[in-house]
Amino acid sequence: DSYMSLSRSMINSSDKIIRKGSSSIFHHSVEGWKINSSLVLEIRKNILRFLDAERDVSVVKSSFKPGDVIHYVLDRRRTLNISQDLHRLLPEVSPMKNRRFKTCAVVGNSGILLDSGCGKEIDNHDFVIRCNLAPVVEFASDVGTKSDFITMNPSVVQRAFGGFRNESDREKFVHRLSMLNDSVLWIPAFMVKGGEKHVEWVNALILKNKLKVRTAYPSLRLIHAVRGYWLTNKVHIKRPSTGLLMYTLATRFCDEIHLYGFWPFPKDLNGKPVKYHYYDDLKYRYFSNASPHRMPLEFKTLYMLHNRGALKLTTGKCV
Ligand code: CTP
């Protein structure tokens, strides 16, 4: 029943009101927030109709052999060869098999985290998921350091590690990965053509330096399944963002999901500018049609789920 009414309010998902950048309608309270466990179970069950995160979080070794040719998920005309290195790094079994947690944090990369003091609270969760290899050490008091699962779009190599042009870029990268120990490093390698060289270099560095990190490469059906779930609930998201993907996957493993660093707006509720990323100067056109994502619409959906007790969204300071 609660799920039906959830779907009904998702139907009303026109994001026109937030297109003008008026984030002020999202003034929500974390005080008095309470988990709605039956809704959490309902959502998990419904998502399971579309995907099983245990399986879809990564392809496994037995799915391919070296030399196999696959089609990119979002670019079906282009193909990728499964290399020896890639095959060596495919997990034997899902890295999330039988893993269950009471509380999880999904940490987005918005500048809203700066000055939040949320580091301790984030690190207190049983399982912490982060996006795009975001740096943590320099921002520990606001974002924490615990990283059990971290995503890495191939473009990160270019954006944050100088395309591995210098030895020092490669060293910096190897150092960053070695800090992850045996956490899961999730690389969407099969989405679109363009990043295959970067993925190969990353794979080669992991093997050469015998890094302990546990690599995972999302299944070919994951993104379609996630999109299908949200579409069925009338949330029209063509390309779910990494953050939304992580929330969707986490519903399988986590009883209570807390979101931090989700704020796809240029200003906070007091009108103060907010950086797109807490750690760099990347600019982003939140409302542009050129962007593949519709983060404000995603945010609106997450905000509604917060109000219903399905997840907890923190966009202010942690005390
Ligand atoms: N995010 C947000 N508000 C921001 C920046 C990021 O809500 N100002 C969330 C989004 O869900 C995003 C996630 O945090 O997917 C991780 O941020 P980022 O690394 O910037 O992801 P992108 O590279 O922008 O998007 P993607 O990897 O999904 O293409």
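For the structure itself, look to the data block above.
So, here's what we can say about the structure. Quick caveat: nothing in here was measured; it's all calculated off a predicted structure. (Residues numbered from 1 in each chain as written. Predicted model: local features only at pLDDT ≥ 70, side-chain atom pairs only at ≥ 80, totals over all residues. Heavy atoms only, no water.)

Overview of unusual backbone geometry
In this model, asparagine 98 sits at a positive phi of 55°, which is unusual for a non-glycine residue. Along the chain, the position of asparagine 98 falls in the loop between α5 (84–89) and β3 (101–107). (Helix = DSSP H or I, 4+ residues; strand = E, 2+ residues; numbered from the N terminus.)

Points about the side chain of glutamate 298
Topologically, glutamate 298 is positioned in helix α13 (residues 295–307). The buried charged residue glutamate 298 lacks any salt bridge, with arginine 294 as its nearest oppositely charged partner at 8.7 Å. Apart from the residues within four sequence positions on either side, glutamate 298 is in contact with Ile237, Arg239, Pro240, Ser241 and Leu244. (Buried < 20%, exposed > 50% of the residue type's maximum accessible area, 1.4 Å probe, protein only. Lys, Arg positive; Asp, Glu negative; His and termini not counted. Salt bridge = Lys/Arg side-chain N within 4 Å of Asp/Glu carboxyl O. Contact = heavy atoms within 4.5 Å.)

Some details on the site of the ligand
In the region of the ligand, 18 residues are neighbours, and Asn153, Thr242, Tyr276, His277 and His293 sit closest. Contact between the ligand and asparagine 153: an oxygen atom at 2.7 Å from a side-chain N or O atom of the residue. Residue histidine 277 places a side-chain N or O atom 2.4 Å away from an oxygen atom belonging to the ligand. Calculation on the ligand without its partners gives an accessible area of 560 Å², and the protein chains cover 93% of this total. Residue composition of the shell around the ligand, by class: seven nonpolar, 11 polar and no charged. (Near = heavy atom within 4 Å. Polar contact = N/O pair within 3.5 Å; in protein donor to acceptor, adjacent residues only side chain to side chain. Areas by Shrake-Rupley, 256 points an atom, 1.4 Å probe, with all protein chains shown as cover. Nonpolar A, V, L, I, M, F, W, Y, C, P; charged D, E, K, R; others polar.)

Section: the packing of helix α9 (residues 167–178) against helix α10 (residues 196–208)
At a minimum axis separation of 11 Å, α9 and α10 run at an interaxial angle of 65°. Classified by the angle between their axes, α9 and α10 sit roughly perpendicular to one another. In the crossing of α9 with α10, the sense of the turn from one axis to the other is right-handed. The segment α9 lies against α10, with Arg170, Phe173, Val174 and Leu177 engaging Val202, Leu205 and Ile206. Partitioning the contact of α9 with α10 into residue classes produces six nonpolar, no polar and one charged. (Axes fitted to C-alpha atoms, helices over the stretch in contact; angles between N-to-C directions. Parallel < 35°, antiparallel > 145°, perpendicular 65-115°, else oblique. Left-handed = near helix turned anticlockwise from the far one by under 90°.)

What to know about the pairing of β3
Buried residues dominate β3, accounting for six of its seven residues. With six bridges connecting them, β3 and strand β8 (residues 254–260) associate as parallel partners. If you follow valine 106 over to β8, its bridge partner there is leucine 259. Judged from the four bridges that link them, β3 and strand β4 (residues 127–130) form a sheet pairing that is parallel. Residue pairing for β4: valine 107 is matched across the bridge by arginine 130. (Pairing = 2+ DSSP bridges.)

Side note on the sheet that holds β4
If you walk across this open sheet you meet the seven strands as β7-β6-β5-β4-β3-β8-β9, and the pairing is parallel. For this open sheet the edge positions go to β7 (214–216) and β9 (312–314), each flanked by a neighbour on one side alone. Within the sheet, the average angular offset between the axes of one strand and its neighbour, ignoring direction, is 20°. Bridge analysis of β8 against β9 gives three bridges, and the strand direction is parallel. When the sheet's bridge partners are listed, leucine 259 is paired in β9 with leucine 313.

Let's talk about helix α3 (residues 37–48)
Here α3 is 12 residues long and its end C-alpha atoms lie 17 Å apart, about the 16 Å a rise of 1.5 Å per residue gives. Every buried residue of α3 is accounted for by Leu39, Val40, Ile43, Arg44, Asn46 and Ile47. Down the axis of α3, the smallest arc covering the buried residues is 165°, so these residues share one side. (Expected span 1.5 Å × (residues − 1). Arc of directions from axis to C-beta.)

Quick look at the environment of histidine 293
Here histidine 293 lies in the loop between β8 and α13. With a relative accessible area of 17%, histidine 293 lands in the buried category. Spatially, the C-alpha atoms of histidine 293 and serine 116 are 25 Å apart, while their sequence positions differ by 177 residues. When near neighbours in sequence (up to four residues on either side) are disregarded, histidine 293 contacts Arg239, Pro240, Ser241 and Tyr284.

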